[in-house]
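A structural walkthrough
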Amino acid sequence: MKKYTQTSGEIGDFSQLPIWQKYAWVDLLYVSYGLLIVALVLVSYMFGMLHWLPYDPQQINMDMLMAPPFSQGYWLGTDFMGRDIQSRLIMGIQAYFLPGLLAVSISLLAGVMLGILSGYLGGKIETVITYITNLIDSFPRLVLILLVVAAFKPDIYYIMMVMGITGIPAVATAIANKIRFLAQKNFIEAAIALGLRTRAIILKHILWYNCRALLIIQATLGMGEAILLETSLSYLGFGVQEPVASWGNMVQSGANYFLQGNFWPSTAPALAILFTILGFNLLGDGLNNILEDRRGR
Amino acid sequence: MTSIPLRAIAYTLIKELMLTFLLLLGVSFIIFAILYAAPGDQFNILLEGQLPTEAARAGIRDAMGVAQSWYGQYFSWLLGVLSGNFGTSVRTGLPVAGELINVSLNTLYLTLGSMVVTLLFAIPVALYSCVRGHVVAVGWSLTMLGYIISALPVFWLGYIAIYISIHVFGIFPLVSMGNPSQSNAWLSTLVPILVLGLGSGTLSEVIRSLREELSRVMAEDYVRTARAKGASVWRHAFKEGMLIPVTEIIAAKIPFILGGAVIVEQIFNWPGMGRMAWQAAQDRDFSVIMGITLVAATFVRLGSLLQRIICTAVNPHQANE
Amino acid sequence: MAVLATQPLLKIENLRTYFYARSKHSFIRAVDGVSLEVGHSETVGVVGESGSGKSIAAMSVMGLISNGPGVIGGSIRFTGRRVQRDLLEGLDKFVNVKERHGRVMVVNKDEAGWQKASERQMKNLRGKEIAMIFQNPRASLNPYITVGEQLTEAVQLHTLYKTRKEASDRALYWLEQVKIDSPRLRFNSYPADLSGGMCQRAMIAMALSSEPALLIADEPTTGLDATIQSKIVNLLEELKSETGISTLLISHDISVISRLADRVAVMYGGAVVEYGQSKLVLGEDASIKHPYTAALLASVPSEQQIRDKASLQTIEGDVLDTINVPAGCRFYARCNQITPEINEKCASHHPELREISPGHQVRCWRFSN
């Protein structure tokens, strides 16, 4: 049974509806959860940078090994060396935050440029760019990164540059497809006929008016992927090394105690990863639905 | 009955084979460039590894005059690779090629199995939420489940799976530690496949893309025609709404699943490419990691080739354009 | 047979098909109380601007509405030779409508239940007794299946030609019947290899292949080239005289309607505003017409006007937004025939469809006394 109700009376100016009536509540829920997570990550990042932490994340407390949550003073408990999990989670954000931003901005910048070139110019340039994106897409991301790790033993910023490069094809293809779609609707011809400058058409009419939603969802999805990759790498032992905290190596080092039934030390960072990536993904999808005006009929 | 359009398939096959060849050439060049740029003359070590005897290795740099220039080095390495000579592993001292076949078959088993798991989960959910999408509560909770499973780190999911299978089902799912004489040995291989299939982070994307494609096709004019003439909607929507999207998403997700395999193989001690790549990255074993990257890229390209051919077989008109 | 003589083939009464604008929290009253009749061997034309609800009404008859809430009331009585049935019978238990001041404000609809029951009602009717052709014929044929295969499927589903060989022979016969050139070649082609006109011919062949009692043609010529359009209209005209099939013809093109239709219904804002014999409704005499019909006819240039290069008349104002249906006459805002005496009534009360001469109904206060 589905219920439809006309709430706005007989005649009304619908543009003045409050925001919670204008959009689907699911999308608003997604976006508010996502914004909450982003804000939490940002604030925690600041706190970590300023070392405003409940405890020193590397301070060992042999009296409090693997304390459960809410035990005296340690409200997220301690790990196998008695280190405060809450402080380590906050410090773990340092491991992926800036590198992740780097990866996302490389993907977006290069992807937008390649996408515009191939979508707007077409022809031979399009063929070459399609070849390049296909080439990048041929490498499984993690395998390519392991190759780079083997060759250079680079630090996380270089790894994230590679990650950014592997994210280029998705952005470039999406932008090029969008431009092709707009061209199909004679949108671009109309803009040229109106005498607009190429730069204005590309920057304002294509990128800003039509690709905004797409770029936002790519950025949030990219950030989610960057977090997953950084944690995976530090889990595999190629990223941040113990005793410096990263969510990935926290899961890994806690895992030794996991099978004995001490779930918490590796579950806490795993949940942090889950909630954070979920937040970025939901933010992207919710914003996309709202900006793309997918509000039903 | 519609016959299989052989000419269109042959045309696509030739075109796509050429493209695949060009792309793999590009892949090999990028691998070469990375190793060439690596510090410590790594590429020459790699070239030496391709030679059978110590004596031949000693004289390589003088013997191969062309190998001094970078393109000479590239081509002599590429010729070796093409004839199946991937060099020798630093770690084991054995030729890489033979071992590569073993591990890639293991990885193929893992990844194909996990794709089946992903599809077995994703197709019913996509179908259900497309057909019964208006039952808000059900559609929403299925979508949410997909989101959550996709955001779960696969390495943690792996430990949960191990814990559950040991304590609830009494299976010890660590492959190389498992006793092969056990009757339920295949059962223990099922656990990593399940974990990779559900947790590789592709599930929610697969669900979403299948659902969107299906809803789009269900709104097409020709599906309306099928309903208007009283024919089966599924018969008409199947090719464009299910077959093509499924092959497309599988082909697009092969790299992600191979990446996920690196982690899952690490957790479950699965003797596959991913574990070998991890070991090689630890040891800086160039012949091995190079071989694995090449094989993985070949898998990706072959998947995409297969997808193009299926597409052509289904809709021969597109190929002629 | 007595039933057949007294009952029209299709009798739509007070059909209401609503959609819901989620962003505006209000209903789109696409079809709001439409009543229509199609007699045996009769062609009824439905004409109106785009957005007047004529296509939605046709889709409602076929049970093809998939957006919510969809059809929420009315009856659609089909009285064919083989089947006599109300297509909406028993479906009202899935809908609960709450009205305020005569206007629907809340709809509760069990869409899954409705859909299931509707499919049951439409079984062995859709495609068999009532066939439909659409605008944009190229998109309406399945691009992944050959034209012949799609026709054969329809023949196998609805006629006694059950074996493949018989059915495909029959399909070929119908392709010849719609005068497609080189039918054998087209039989094995994919729709993408056919022109729009050929696709529409194939669609017509597919619709007629089950020898239905009623053909619903939803804008059959829209989107085709002008010359192709007139050829399709010629074909429909010939098929009408040959087979005597009843047709519900929907078009915004008055010339198409005037060539094919025996009776015409003019729709505006989801309601029929005028209904009667084609020659009366589309005739010269503007004094016995609804103001909207008169304006619609005036906006079509006559040959004389084209010769004189006279400027075209347009209907002032925009097409009615069926979200904000006004309290009074729906055409009030655009009407140019309001006199001071009836102005108040026009603005505040929705007029009824009223018979002004036998078989000619008009919905206008001008004819209220």
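Numbers given to residues run from 1 along each chain, matching the order in which its sequence is written. Starting at A for chains and at 1 for ligands, labels are handed out in the order in which the entities are written. Residues qualify for local features only when their pLDDT is at least 70, as the model is predicted, and side-chain atom pairs are given and counted only at 80 or more; totals for whole chains, interfaces and linings, by contrast, use all residues.

Before going further, it helps to spend a moment on the packing of helix H5 (residues 141-152) of chain A against helix H13 (residues 273-283) of chain B. To obtain an axis, a line is fitted to C-alpha atoms, over the contacting stretch when the element is a helix, and the angle between two such axes runs from 0 to 180 degrees between their N-to-C directions. Secondary structure elements are defined from DSSP: runs of H or I of at least 4 residues count as helices, runs of E of at least 2 residues count as strands, and each element is numbered from the N terminus. Packing of H5(A) against H13(B) brings their axes to within 8 Å, and their N-to-C directions diverge by 20 degrees. It follows from the interaxial angle that H5(A) and H13(B) lie roughly parallel. Every pair of crossing elements has a handedness; the one defined by H5(A) and H13(B) is left-handed. Contacts between H5(A) and H13(B) involve A:Val143, A:Leu146, A:Val149 and A:Ala150 from the first element and B:Ala277, B:Trp278, B:Ala280 and B:Ala281 from the second. When residues are sorted by character, Ala, Val, Leu, Ile, Met, Phe, Trp, Tyr, Cys and Pro go into the nonpolar class, Asp, Glu, Lys and Arg into the charged class, and all the rest, Gly among them, into the polar class. Grouping the amino acids of the contact of H5(A) with H13(B) by side-chain chemistry returns eight nonpolar, no polar and no charged. Should an angle fall under 35 degrees it is called roughly parallel, over 145 degrees roughly antiparallel, and 65 to 115 degrees roughly perpendicular, with every other angle called oblique. Crossings are assigned a handedness: left-handed for a near helix turned anticlockwise from the far helix by less than a right angle, right-handed for a clockwise turn. Here contacts are defined at the residue level, using C-beta atoms placed from the backbone and a cut-off of 7 Å between them.

Turning our eyes to something else, we now look at the interface of chain A and chain B. Listed as interface residues are 37 residues of chain A and, on the opposing side, 40 residues of chain B. Elements represented by at least two residues in the side of chain A that touches chain B include exactly helix H4 (123-137), H5, helix H10 (212-236), helix H11 (247-258) and helix H12 (264-291) of chain A. For the side of chain A that touches chain B, the leading source of residues is H5(A), giving eleven residues. Among the residues making up the side of chain A that touches chain B, the classes are represented as 28 nonpolar, six polar and three charged.

Right, let's talk about the sheet that holds strand S7 (residues 103-109) of chain C for a bit. Strands pair, by our definition, only if DSSP identifies at least two bridges between them. The strand order across the open sheet built from three strands is S1(A)-S7(C)-S6(C), with neighbouring strands paired in antiparallel fashion. Since the sheet does not close on itself, it has two edges, and those belong to strand S1 (2-5) of chain A together with strand S6 (95-100) of chain C, each with one partner. Taken over all neighbouring pairs, the strand axes of this sheet differ in orientation by 15 degrees on average, direction set aside. In this sheet, S7(C) lies alongside S6(C) in antiparallel orientation, the contact comprising six bridges. Note that in S7(C) the partner of C:Lys98 across the bridge is C:Val106.

On to the interface of chain B and chain C, then. Contact with chain B, which involves 19 residues of that partner, is made by 27 residues of chain C. Secondary-structure elements contributing two or more residues to the side of chain B that touches chain C are helix H11 (221-228) and helix H12 (233-268) of chain B. Here the element with the most residues in the side of chain B that touches chain C is H11(B); it accounts for six residues.

This part is about the confidence of the model for chain A. The score called pLDDT rates the predictor's confidence residue by residue, from a low of 0 to a high of 100. Confidence in the prediction of chain A, expressed as mean pLDDT, is 85, and 93% of residues score 70 or more. At the low end of the mean pLDDT range in chain A sits helix H1 (residues 19-22) of chain A, at 66; at the high end sits H4(A), at 93.

Attention now goes to the pairing of S7(C). The pairing of S1(A) with S7(C) spans four bridges and is classified as antiparallel. Looking at S7(C), one finds that A:Thr5 is bridged to C:Val106.

Residues and elements named next belong to chain C. For Ser 41, which is not a glycine, the phi torsion comes out positive at approximately 55 degrees. Looking at where Ser 41 falls in the secondary structure, it is placed in the loop between strand S2 (26-38) and strand S3 (43-47). Positive phi, close to 60 degrees, is recorded for Lys 179, a residue that is not glycine. Among the structural elements, Lys 179 can be located in the loop between helix H6 (164-177) and helix H7 (183-187).

What follows covers the packing of H4(A) against helix H7 (residues 168-184) of chain A. For any two helices packed against each other, the geometry comes down to the angle between their axes and how far apart the axes lie. Residues and elements named next belong to chain A. For the pair H4 and H7, interaxial distance at closest approach is 9 Å and the crossing angle is 145 degrees. H7 is crossed by H4, and the crossing has left-handed handedness. When H4 is examined against H7, the residues Ile 129, Thr 133, Ile 136 and Asp 137 are found in contact with a partner set consisting of Ile 168, Pro 169, Ala 172 and Thr 173. The residue inventory of the contact of H4 with H7, partitioned by class, reads five nonpolar, two polar and one charged.

This paragraph deals with the sheet that holds S2(C). Residue and element names in this part refer to chain C. Taken together, four strands build an open sheet; the order of strands is S2-S1-S4-S5 and the sheet is antiparallel. Only two strands of the sheet have a single neighbouring strand rather than two, namely S2 and strand S5 (84-86). Here the strands of the sheet are splayed against their neighbours by 15 degrees on average, with no regard to which way each runs. Relative to S5, strand S4 (residues 69-79) runs antiparallel, the two sharing three bridges. For Thr 79, the partnering residue across the bridge sits in S5 and is Gln 84.

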